[in-house]
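Structural overview for review
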Amino acid sequence: QVQLVESGGGLVQAGGSLRLSCLASGNIFSIDAMNWHRQAPGKQRELVATTASSGMPNYADSVKGRFTVSRDNAKNTVYLQMNSLKPEDTAVYYCNAHVRPLPGGSVYSYWGPGTQVTVSS
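Residues numbered from 1 in each chain as written. Predicted model: local features only at pLDDT ≥ 70, side-chain atom pairs only at ≥ 80, totals over all residues. Heavy atoms only, no water.

1. Some remarks on the state of the cysteines
Overall, the coordinates contain one disulfide when judged by the stated rule. What pairs with Cys22 in a disulfide is Cys95, and their sulfur atoms sit 2.1 Å apart. On the S-S bond that ties Cys22 to Cys95, the torsion sits near -80°, and the link is left-handed. Remark: Cys95 occurs in strand S9 (residues 91-100) and Cys22 occurs in strand S3 (residues 18-26); sequence separation between them is 73 residues. (Disulfide = S-S within 2.5 Å. Helix = DSSP H or I, 4+ residues; strand = E, 2+ residues; numbered from the N terminus.)

2. Considerations on the side chain of Ser21
Take Ser21: it is sitting in strand S3. Residue contacts for Ser21: discarding those within four places in its chain leaves Val5, Glu6, Ser7, Trp36, Val78 and Tyr79. (Contact = heavy atoms within 4.5 Å.)

3. Examining the nonpolar core
Membership of the largest hydrophobic core comes to 30 residues, with the highest contact counts inside it found for Leu4, Trp36, Val48, Phe67, Leu80, Met82 and Tyr93. Elements represented by at least two residues in this core include exactly strand S1 (2-7), S3, strand S4 (30-39), strand S5 (46-51), strand S7 (67-72), strand S8 (77-82), S9 and strand S11 (115-120). The element that contributes the greatest number of residues to this core is S9, accounting for five residues. Beyond its immediate stretch of four places on either side in the chain, Met82 contacts Gly16, Ser17, Leu18, Leu20, Arg66, Phe67, Tyr93 and Val117. (Core = buried A, V, L, I, M, F, W, Y, C linked by side-chain atoms within 4.5 Å. Buried < 20%, exposed > 50% of the residue type's maximum accessible area, 1.4 Å probe, protein only.)

4. Concerning the pattern of salt bridges
When the charged atoms of two side chains with opposite charge come close together, those side chains can pair. One pass over the full model with this rule turns up five salt bridges. Residues Arg38 and Glu46 are paired through a salt bridge, measuring 2.6 Å at the closest nitrogen-oxygen approach. The exposure class assigned to Arg38 is buried, which follows from its relative accessible area of 6%. Close ionic contact of Arg66 with Asp89 constitutes a salt bridge, the shortest N to O distance being 2.7 Å. In this pair, Arg66 sits in the loop between strand S6 (57-59) and S7 while Asp89 sits in the loop between S8 and S9, placing the two residues 23 residues apart along the sequence. Here Arg66 matches Asp89 in class, with each residue buried. Taken together, the salt bridges that share partners define one network made up of Arg38, Glu46, Arg66 and Asp89. (Salt bridge = Lys/Arg side-chain N within 4 Å of Asp/Glu carboxyl O.)

5. A short note on the environment of Ala33
Tracing the sequence through the fold places Ala33 in strand S4. Note on Ala33: relative accessible area 17%, which makes it buried. Once the C-alpha coordinates of Ala33 and Pro57 are considered, the two residues, 24 residues apart in sequence, prove to be 9.7 Å apart. Setting aside anything within four residues of it in sequence, one finds Ala33 in contact with Thr50, Thr51, Ala52, Arg71, Asn96, Ala97 and His98.

6. Quick notes on the packing of aromatic side chains
In the structure shown here, the tally under the stated rule is zero aromatic pairs. Stacked on the ring of Tyr94, the Lys or Arg Arg45 has its end atom at 3.7 Å from the ring centre. (Phe/Tyr/Trp six-rings, centres within 6.5 Å; stacked < 30°, edge-to-face > 60°. Lys NZ or Arg CZ within 6 Å of the ring centre and 35° of its normal.)

7. Some points on the pairing of S8
Where burial is concerned, most of S8 is hidden: five out of the six residues are buried. Looking at chain direction, S3 and S8 are connected through six bridges and run antiparallel. Counted as the bridge partner of Cys22 is Val78 from S8. Bridge count for S7 against S8 is six bridges, and the pairing is antiparallel. Bridging from a neighbouring strand, Ser70 pairs with Tyr79 of S8. Hairpin connection from S7 to S8: four residues lie between these consecutive antiparallel strands, with Asn76 at a positive phi of about 50°. (Pairing = 2+ DSSP bridges.)

What follows is the structure, given as structure tokens:
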């Protein structure tokens with residue numbers, strides 16, 4: 001079993017910054033991609049940023065230049081540094097990890113419970 005726990009959400013004024021963290025724990029041999037998604041009220045969940053085990057990041061166009069994803073493989077942790085926040089960034093942010101519990105085994109996708117980010121205008 002694998003658990004993901006996000007932290008770092010909160011209320012911030014437009015133009016401010018927040019740093020989200022997501023710690024993966026449990027039966028983990030390795031983690032492939034670690035991703036951040038978000039879901040605003042009344043909208044579908046969308047991919048915000050992704051980073052492969054090599055650390056190469058990709059971003060949604062809406063956050064490029066403002067958000068930075070990074071990971072610490074030794075700590076099974078992924079971070080999302082969010083700068084120049086806008087009211088439209090308000091959403092629940094979810095961590096997603098593609099975990100390989102056993103060497104050479106299958107990869108499984110796990111999700112955290114989410115953390116609320118609210119940006120006031």
